[in-house]
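Descriptive structure summary
So the chains spell out like this:
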Amino acid sequence: MLRKKRTGLSHMQILALGFLLIILTGTLLLMLPVSSRDGSSTGFMECLFTATSATCVTGLVVVDTYLHWSLFGQIVILVMIQTGGLGFMTVGVVLAVLLHRKVTLRQRGILSESINAMQMGGIVRMIQKIFLGTMLVEGCGAVLLSIRFCSELGLARGIYYGIFHSVSAFCNAGFDLMGYQGAYSSMVHYSADWLVNLTLVALILIGGIGFLVWDDITKNKWHFKRYRLHTKIVLLMTFLLVAGGTFLFYLFERDNLAKDMDAGETFLTCLFDAVTPRTAGFNTTDIASLSDAGKLLSIILMFIGGNSGSTAGGIKTTTALVFLLYMWSNITKSRGITIFKRQIDGDAIKRASSVACTNLILALTAMLIICGGQPLLDLRDVALETISAISTVGMSAGITRDLNQVSRLAVIILMFCGRVGSLSILVSFTEKKKVSAIEYPEEKILIG
C-alpha cells in the first residue's frame, strides 16, 4: 500500500497533503447523519473544524464532543486523533510491516522527516518501537482511567471512556467526553481526583517528550551522560517548565481559583495547569476564570509547547532554549552557544529564530483577523485562542463556538500549520526554486 510513483513532491509537501487528505476524509465522515447524536447532518464548517482539530491533535471544538456526536462520530474523532498523533506515515508503515510489504528508500526519508529523526538508518525498526510503546502506554493509561470511570459509568462505558481519554491525553489532543456533566466541562469535576489527574499528567508528559527521547532512554537506561544532547535538553526543559509552571500558577492563583481549595487539590490544580498548556488541552479549572497573570503564563507555556518529534505542538522546548541561549551569548559577547559541554551549530540557531518568528507572525495575523471581524471579543481571550491553535493545545476561554466563519477558518489554518510545521510548510514552497548565483555587496544597518 505504500508503493507510489515518484510524484516530484518534496517530503514535506507529501506530509502536508497526507494530513489534508485525512482531514477531508474525516470531515465527510462527520457530515454523515450517523455521526451526530440526533441523526441530522452537521454543517461542513463545523465538521471541517472538528476534523482539523482532531487530526492536528489540538482539542478546540465548536460543538461538545459528547452532546453532539454519536458513538460512530466519536470513534471517527478517536481514529483521527490516533492517526494525527502518531503521524499517518507511521500508521502506514506499521500496516506495511504487518502485510510484509517493502518500505522504499523514499518512504523512509518521509518517515524520518515526519518524526524529526536525526538519521534514516533503522527508521523502520524505530517506527515499530514507537507503535508498540504507544500501545503499551495508552493501554496502561486506559486501565488506570477505567478504574475511576467504571465505578461511575458502568463496565462497558467506563472502559470506553478510559480508552478514549488515554489516547486523547497521550496524543496531547484534549478531546473529552465529559459533556454529560455539563457542556464543555472537560475535567473540571475531577480537579481533586489524584488518580485521574496524575494519570492524565503522566500520559501528556510521556506523549510530549518525543519519540527520539524514548529511544535514547530505552537504549541508555539511567546513564544520563550517555544521552544525546537533544535528550538532555528535553529532560532539563521539561523539568523546569513543569516545576516552574506549577510554582508560578500557585503564586498567581492562590487568592483566585485556588482560594477555597485544600492543599491537595491546590497542588493538583497547579500541576495540571502547568502541564496541560504543553499542548494537551484538558482543563480541571475554568480557563476563563484564570487571573490575567495565569492566562499570560498559559500563553507562554502554550507558545513553547512540547518537544520535537513528539505528539506535542508549539515551537518546542529545544527551540525556546536555543533562542534564549543565543540571546544570552549576545548579551555576554560569548563566542557561540554551549550547553552540557557541547556547542550548538549555527543552523539550529537560525532555525530556532525562524520557527519562533513564523509562529508568532501567524498567531498575530490571526488575532488581527479575529479582532477585526469580531471587535466585541476580549483581546486576552483571542490571544489565548490563537496561540492555543498554532501550538495545537486546545485550551480556550470559551470563545471558540462564538467565532464566525472567517475566524474559524483562520483558526483551522493555524491548527494545520501548527501540526505539520509552520516553517516547514513555508519552506516547502520555495525549496525547489533556483538560488541566484549573484552576491550583492554588504552594508551595515543599525539594529536595536
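Residues numbered from 1 in each chain as written. Predicted model: local features only at pLDDT ≥ 70, side-chain atom pairs only at ≥ 80, totals over all residues. Heavy atoms only, no water.

1. Re the overall build of the chain
- Helices and strands together make up the secondary structure of the chain, namely 18 helices and 2 strands.
- Buried positions account for 55% of the 448 residues belonging to the chain.
- Long-range pairs, those at least 24 residues apart, make up 71% of the contacts in the chain with a sequence separation of at least 6.
- Carbon and sulfur atoms make up 66% of the accessible area of the chain, which totals about 21300 Å². (Helix = DSSP H or I, 4+ residues; strand = E, 2+ residues; numbered from the N terminus. Buried < 20%, exposed > 50% of the residue type's maximum accessible area, 1.4 Å probe, protein only. Contact = heavy atoms within 4.5 Å. Areas by Shrake-Rupley, 256 points an atom, 1.4 Å probe, with all protein chains shown as cover.)

2. Points about helix α15 (residues 346–373)
- For α15, built from 28 residues, the straight-helix expectation of 40 Å at 1.5 Å per residue is met to within 8% by its first-to-last C-alpha distance of 41 Å.
- Along α15, the residues that are buried comprise Ile 349, Ala 352, Ser 353, Val 355, Ala 356, Thr 358, Asn 359, Ala 363, Ala 366, Met 367 and Ile 370. (Expected span 1.5 Å × (residues − 1).)

3. Focus on helix α16 (residues 379–390)
- Taking 1.5 Å per residue, 12 residues should reach 16 Å; α16 reaches 17 Å between its end C-alpha atoms and fits that length.
- Burial runs high along α16: 10 of the 12 residues are buried.
- Turning to α16, the residues buried within the fold contact α13 (292–304), α15 and α17 (405–420).
- N-cap assignment for α16: the residue whose side-chain oxygen lies 2.7 Å from the backbone N of Arg 380 is Asp 378.
- The positive-phi residue at the C-terminal boundary of α16 is Thr 392, with phi of around 50°. (Polar contact = N/O pair within 3.5 Å; in protein donor to acceptor, adjacent residues only side chain to side chain.)

4. A closer look at a nonpolar patch on the surface
- Taken together, Phe 224, Leu 236, Phe 239, Leu 240 and Phe 340 make up a surface patch of nonpolar side chains, about 450 Å² in accessible area.
- Along the polypeptide, Leu 236 turns up in helix α11 (residues 229–253). (Patch = residues over 30% accessible without salt bridge, like charges linked within 9 Å, V, L, I, M, F, W, Y side chains within 5 Å. Salt bridge = Lys/Arg side-chain N within 4 Å of Asp/Glu carboxyl O.)

5. A word on the side chain of Thr 358
- Summarising the element assignment, Thr 358 is placed in helix α15.
- Thr 358 sits in the buried class, given a relative accessible area of 12%.
- A polar atom in the side chain of Thr 358 sits 2.6 Å from the backbone oxygen of Ser 354.

6. Notes on the environment of Leu 241
- For Leu 241, the position within the fold is in helix α11.
- As for Leu 241 and Ile 304, which are separated by 63 residues in sequence, their C-alpha atoms are 9.5 Å apart.
- If we ignore the near neighbours within four places in the chain, the residues touching Leu 241 are Arg 278, Leu 301, Ile 304 and Thr 317.

7. Re the packing of aromatic side chains
- Under the counting rule described, the total for this entry stands at 10 aromatic pairs.
- Ring centres of Phe 149 and Tyr 161 lie 6.0 Å apart, and the angle between their planes is 70°; this geometry places the pair in the edge-to-face category. On the criterion of sequence distance, the pair formed by Phe 149 in helix α7 (residues 123–153) and Tyr 161 in helix α8 (residues 155–170) is long-range, its members being 12 residues apart.
- Accessibility expressed as a relative area gives 2% for Tyr 161, which makes it buried.
- Centroid distance Phe 170 to Trp 214: 5.7 Å. Interplanar angle 50°. Geometry classified as tilted. Note that Phe 170 is positioned in helix α8 and Trp 214 in helix α10 (residues 211–220), a separation of 44 residues in sequence. You'll find Phe 170 and Trp 214 in the same group, each marked buried.
- Through pairs of rings, three or more aromatic residues link up here, namely Tyr 66, Phe 149, Tyr 160, Tyr 161, Phe 164, Tyr 180 and Tyr 190.
- Across from the ring centre of Tyr 66, 4.5 Å away, lies the NZ or CZ of Arg 37, which sits over that ring. (Phe/Tyr/Trp six-rings, centres within 6.5 Å; stacked < 30°, edge-to-face > 60°. Lys NZ or Arg CZ within 6 Å of the ring centre and 35° of its normal.)

8. Section: unusual backbone geometry
- For Ser 186, which is not glycine, the phi torsion reads 50° and is therefore positive.
- Tracing the chain through its elements places Ser 186 in the loop between α8 and α9 (194–208).
- Of note in the backbone geometry, Lys 316 takes a positive phi value of approximately 90° without being a glycine.
- Relative to the assigned elements, Lys 316 resides in the loop between α13 and α14 (317–331).

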